[in-house]
Number of protein chains: 2
Amino acid sequence: MDISILRLSHRIIRDKRVTTHLGLVGRAFCASRMYYSGDRDPSLEEKIRDVNERFGGGFEVIYVKDPLRLVKRWREDGGRVVHLTMYGIPLPDVLEEIRQCDKILVVVGGEKVPPVYFEVADYNVSITNQPHSEIAATAVFLDRLLGGKAFYQEFTGGKFRVVPSPRGKKLIRVG
Amino acid sequence: MDISILRLSHRIIRDKRVTTHLGLVGRAFCASRMYYSGDRDPSLEEKIRDVNERFGGGFEVIYVKDPLRLVKRWREDGGRVVHLTMYGIPLPDVLEEIRQCDKILVVVGGEKVPPVYFEVADYNVSITNQPHSEIAATAVFLDRLLGGKAFYQEFTGGKFRVVPSPRGKKLIRVG
């Protein structure tokens, strides 16, 4: 299954850390790339590239000017679009259906998502119907969708690898 | 099971949104309260109170000056301390053991967690051994610990309730 994330309406100052967390969650939880719209932010892209260099993998961050066009093309190419929103159908009710898809675009918004995204999405899915965090929603969605695959994912090409430890930090140089 | 979160070293400007997301995740994923140390931040506390007023529940945000003392007292009172860190033991390896605890303090750091927390924690647990987000780590931890309880949690005393919907936003007034 190929998974991409689309983060709508990034604002360079207000969202810097939130969008960085989101990209790192995408990378750690087995997505291939994060598209983002709004303000172009080279330091966001640099931050994720830096994590790839240190810990491996080829997770991409790609700026898109016209995110709606991306969503429409994604669907024309046979991909499915899952919009995560507190207003949507609870994940457990649609998870098995979504698992049948080969190619998924996970759409998450900033504060106000334009209504058209509720219309063009194949699924509007809630990770609880409470307000919380697009970072948390994406992580729980991917963890459940992929059955915990992220815990066993190996990244290649990095400089370091963590050795899980009951106490302290063990980091070994691998590249 | 009673669950609290301890967020270390909050910095009022840099961490405002990240710590707010963390509190909202705690609330949505069935924790009872979030303690936080570092800078005292009335606007953070206000933000979470506001969500309680709108959507219900009694999730608390409590400032602590001496977080290490809180951790030590927690253990003296028979509670267990779970420190979430990318360097720790993968959650699947310790989940069943942690499920036996009645009272859990989930500790998450900012950028640099003082080494003493690795020592005083009962469990140093990783939600993957990759760098990502304390918000995501907390959400996935609580989702797995409680077996998805958050999806069926009812909040009382709020003004609004979301009615899950395949398209658009349905919010009803309940109070």
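See the structure above.
All figures in this text were calculated on a predicted structure; none of them were measured in a lab.

Notes on the interface of chain B and chain A
Here is step 1 of the chain: Tallying the contact residues gives 41 residues for chain B and 42 residues for chain A.
Here is step 2 of the chain: It is helix H1 (residues 16–28) of chain B that contributes the most residues to the side of chain B that touches chain A, seven residues altogether.
Here is step 3 of the chain: The class makeup of the residues in the side of chain B that touches chain A is 22 nonpolar, 12 polar and seven charged.

Side note on the nonpolar core
Here is step 1 of the chain: By size, the foremost hydrophobic cluster in this structure holds 96 residues, and its most contacted members are Val106, Val107, Ala136 and Ala139 of chain A together with Val106, Val107 and Ala139 of chain B.
Here is step 2 of the chain: Beyond its immediate chain neighbours, meaning those up to four positions away, alanine 139 of chain B contacts Ala136, Ala139 and Val140 of chain A together with Val25 and Phe29 of chain B.

So, the environment of glutamate 46 of chain A
All names here are of chain A.
Here is step 1 of the chain: Along the chain, glutamate 46 falls in helix H2 (residues 42–55).
Here is step 2 of the chain: Glutamate 46 sits in the exposed class, given 10 other C-beta atoms within 10 Å.
Here is step 3 of the chain: A C-alpha to C-alpha distance of 25 Å links glutamate 46 and lysine 169, two positions 123 residues apart in sequence.

Details of the sheet that holds strand E3 (residues 60–63) of chain A
Residue and element names in this part refer to chain A.
Here is step 1 of the chain: Pairing is parallel across the open sheet formed by six strands, whose spatial order is E3-E2-E1-E5-E4-E6. At either margin of the open sheet sits one strand with a lone partner, and together these are E3 and strand E6 (123–126). Mean inter-strand twist for the sheet, computed between neighbouring axes without regard to direction, equals 30°.
Here is step 2 of the chain: Pairing geometry for strand E1 (residues 2–10) and strand E2 (residues 33–38), over five bridges, is parallel. Each bridged residue has a counterpart across the sheet, and for isoleucine 5 the counterpart in E2 is methionine 34.
Here is step 3 of the chain: Running at roughly 165° to strand E4 (residues 80–90), helix H4 (residues 91–98) makes contact with E4 and E6 of the sheet.

Regarding the relation of the copies chain B and chain A
Here is step 1 of the chain: In the superposition of chain B on chain A (RMSD 0.0 Å, axial shift 0.0 Å), the rotation amounts to 180°. Seen this way, the second copy is the image of the first under a two-fold rotation axis. For chain B, the smallest separation between a C-alpha atom and the rotation axis is recorded for alanine 136 of chain B, amounting to 2.2 Å.
Here is step 2 of the chain: Both copies share a contact surface, since 100% of the interface residues of chain B are interface residues in chain A too.

Brief notes about the sheet that holds strand E1 (residues 2–10) of chain B
Residues and elements named next belong to chain B.
Here is step 1 of the chain: Taken in spatial order, the six strands make up an open sheet running E3-E2-E1-E5-E4-E6, and their pairing is parallel. The strands lining the two open edges of the sheet, one partner per strand, are strand E3 (60–63) and strand E6 (123–126). The sheet shows a mean angle of 30° between the axes of neighbouring strands, taken without regard to direction.
Here is step 2 of the chain: Of the pairings in the sheet, the one linking strand E4 (residues 80–90) to strand E5 (residues 103–108) comprises four bridges and is parallel in character.

What to know about the packing of H4 of chain A against helix H6 (residues 134–145) of chain A
Residue and element names in this part refer to chain A.
Here is step 1 of the chain: The N-to-C vectors of H4 and H6 enclose an angle of 50°; their axes lie 10 Å apart at closest approach. Relative to H6, the element H4 is oriented oblique. Read as a crossing pair, H4 and H6 show a hand that is right-handed. Mapping the contact onto sequence places Leu91, Leu95 and Ile98 in H4 and Phe141, Arg144 and Leu145 in H6.
Here is step 2 of the chain: By residue class, the composition of the contact of H4 with H6 is five nonpolar, no polar and one charged.

What to know about the environment of leucine 8 of chain B
Residue and element names in this part refer to chain B.
Here is step 1 of the chain: Note that leucine 8 resides in strand E1.
Here is step 2 of the chain: Separated by 107 residues in sequence, leucine 8 and proline 115 place their C-alpha atoms 13 Å apart.
Here is step 3 of the chain: Leaving out residues up to four positions away in the same chain, leucine 8 has contacts with Ser37, Gly38, Pro67, Val107, Gly109, Gly110 and Val113.

A closer look at unusual backbone geometry
All names here are of chain B.
Here is step 1 of the chain: Non-glycine residue serine 9 carries a positive phi angle of around 55°.
Here is step 2 of the chain: Checked against the element boundaries, serine 9 lands in strand E1.
Here is step 3 of the chain: Owing to 17 C-beta atoms within 10 Å, serine 9 belongs among the partly exposed residues under this scheme.
Here is step 4 of the chain: With a phi angle near 80°, cysteine 30 is a residue other than glycine that sits in the positive phi range.

Rules of the game
Residues numbered from 1 in each chain as written. Chains lettered and ligands numbered in written order. Predicted model: local features only at pLDDT ≥ 70, side-chain atom pairs only at ≥ 80, totals over all residues. Contact = placed C-beta atoms within 7 Å. Helix = DSSP H or I, 4+ residues; strand = E, 2+ residues; numbered from the N terminus. Nonpolar A, V, L, I, M, F, W, Y, C, P; charged D, E, K, R; others polar. Core = buried A, V, L, I, M, F, W, Y, C linked by C-beta atoms within 7 Å. Buried ≥ 20, exposed ≤ 12 C-beta atoms within 10 Å, placed from the backbone. Pairing = 2+ DSSP bridges. Axes fitted to C-alpha atoms, helices over the stretch in contact; angles between N-to-C directions. Least-squares fit on C-alpha atoms with pLDDT ≥ 70 in both. Parallel < 35°, antiparallel > 145°, perpendicular 65-115°, else oblique. Left-handed = near helix turned anticlockwise from the far one by under 90°.

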